[in-house]
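Report on the structure
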Amino acid sequence: MAIEDAINGNFKAELYEEEIQTLANRGFTDGYLVNRALDRTDTQNLETSMQQGSKQVCAFSEDGFFFKAKGKVSLHEDYEILSPLTCEIKEVDNELGKIYKKDSKYFVKFKKLVAKNNKEFDEIHSGNINEIKFPLSLPNFSFLRR
């Protein structure tokens, strides 16, 4: 949605700020971009190495047929599907999993994690190079988040 709005010249950061804050991240400091000699309270987080968010991106798909894990993906857990706004997502329930709509958002729950080479997994972790099949093709450049 934000990307489409930016392309169309309608980008308004305040509309997306709350959603961005839900994701865990390493934080941001403006460093030397802005000179604020007397106001330094928000330039560095010394409490933790990560900013705590309520959601985490778990997987990314370039082609919509397979994904690679960016975090842990397990069987029988619900993952929200994030895709370009204008794309259509279809609901399905098959041997690989279920794609369904709830509260105007789409989710996937895997029954099997099957790689391109047909090897099965109980869970997939970041760094695993296997591409895992979706129950049904999703729009290109879709994300899964927990």
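See the structure printed just above.
Definitions and cut-offs
- Residues numbered from 1 in each chain as written.
- Predicted model: local features only at pLDDT ≥ 70, side-chain atom pairs only at ≥ 80, totals over all residues.
- Heavy atoms only, no water.
- Helix = DSSP H or I, 4+ residues; strand = E, 2+ residues; numbered from the N terminus.
- Buried < 20%, exposed > 50% of the residue type's maximum accessible area, 1.4 Å probe, protein only.
- Contact = heavy atoms within 4.5 Å.
- Areas by Shrake-Rupley, 256 points an atom, 1.4 Å probe, with all protein chains shown as cover.
- Phe/Tyr/Trp six-rings, centres within 6.5 Å; stacked < 30°, edge-to-face > 60°.
- Lys NZ or Arg CZ within 6 Å of the ring centre and 35° of its normal.
- Pairing = 2+ DSSP bridges.

Description of the overall build of the chain
The number of helices and strands found in the chain is two helices and twelve strands. For the chain, the N- to C-terminal ordering of α and β elements is α-α-β-β-β-β-β-β-β-β-β-β-β-β. Every one of the 146 residues in the chain was classed for burial, and the buried ones make up 31%. In the chain, of all internal contacts separated by at least 6 residues, the share reaching a separation of at least 24 is 64%. Total accessible area on the chain stands at roughly 10200 Å², and carbon and sulfur atoms take up 52% of it.

As for unusual backbone geometry
Phi is positive for Asp103, which is not a glycine, with a value near 55°. Among the structural elements, Asp103 can be located in the loop between strand S6 (97–102) and strand S7 (105–110). Since its relative accessible area comes to 63%, Asp103 is described here as exposed. In this structure, Ser104 takes a positive phi of about 65° despite not being glycine. With respect to the helices and strands, Ser104 occurs in the loop between S6 and S7. According to the relative accessible area criterion, Ser104 is exposed, its value standing at 62%.

Re the packing of aromatic side chains
What the rule picks out here adds up to six aromatic pairs. Each ring, one from Phe67 and one from Phe110, has its centre 5.5 Å from the other, and the planes form 45°; the classification is tilted. Of this pair, Phe67 sits in strand S2 (residues 66–69) while Phe110 sits in strand S7, and the two are 43 residues apart along the sequence. Residue classification places Phe67 among the buried residues on the basis of a relative accessible area of 1%. Judged by centre distance (5.7 Å) and plane angle (20°), the rings of Tyr100 and Phe107 are stacked. Classification of Phe107 by relative accessible area gives buried; the value is 16%. Ring pairing ties together the aromatic residues Phe60, Phe141 and Phe143, which thus form one cluster. Taking NZ or CZ as reference, Lys98 lies 5.4 Å from the ring centre of Tyr100, over its face. Taking NZ or CZ as reference, Lys116 lies 5.0 Å from the ring centre of Phe66, over its face.

Focus: the pairing of strand S4 (residues 78–82)
With four bridges joining them, S4 and S7 adopt antiparallel strand pairing. Counterpart to Glu80 in the pairing with S7 is Phe107. Pairing of S4 with strand S12 (residues 142–145) involves three bridges; the strand directions are antiparallel. Of the residues in S12, the one forming a bridge with Glu80 is Arg145.

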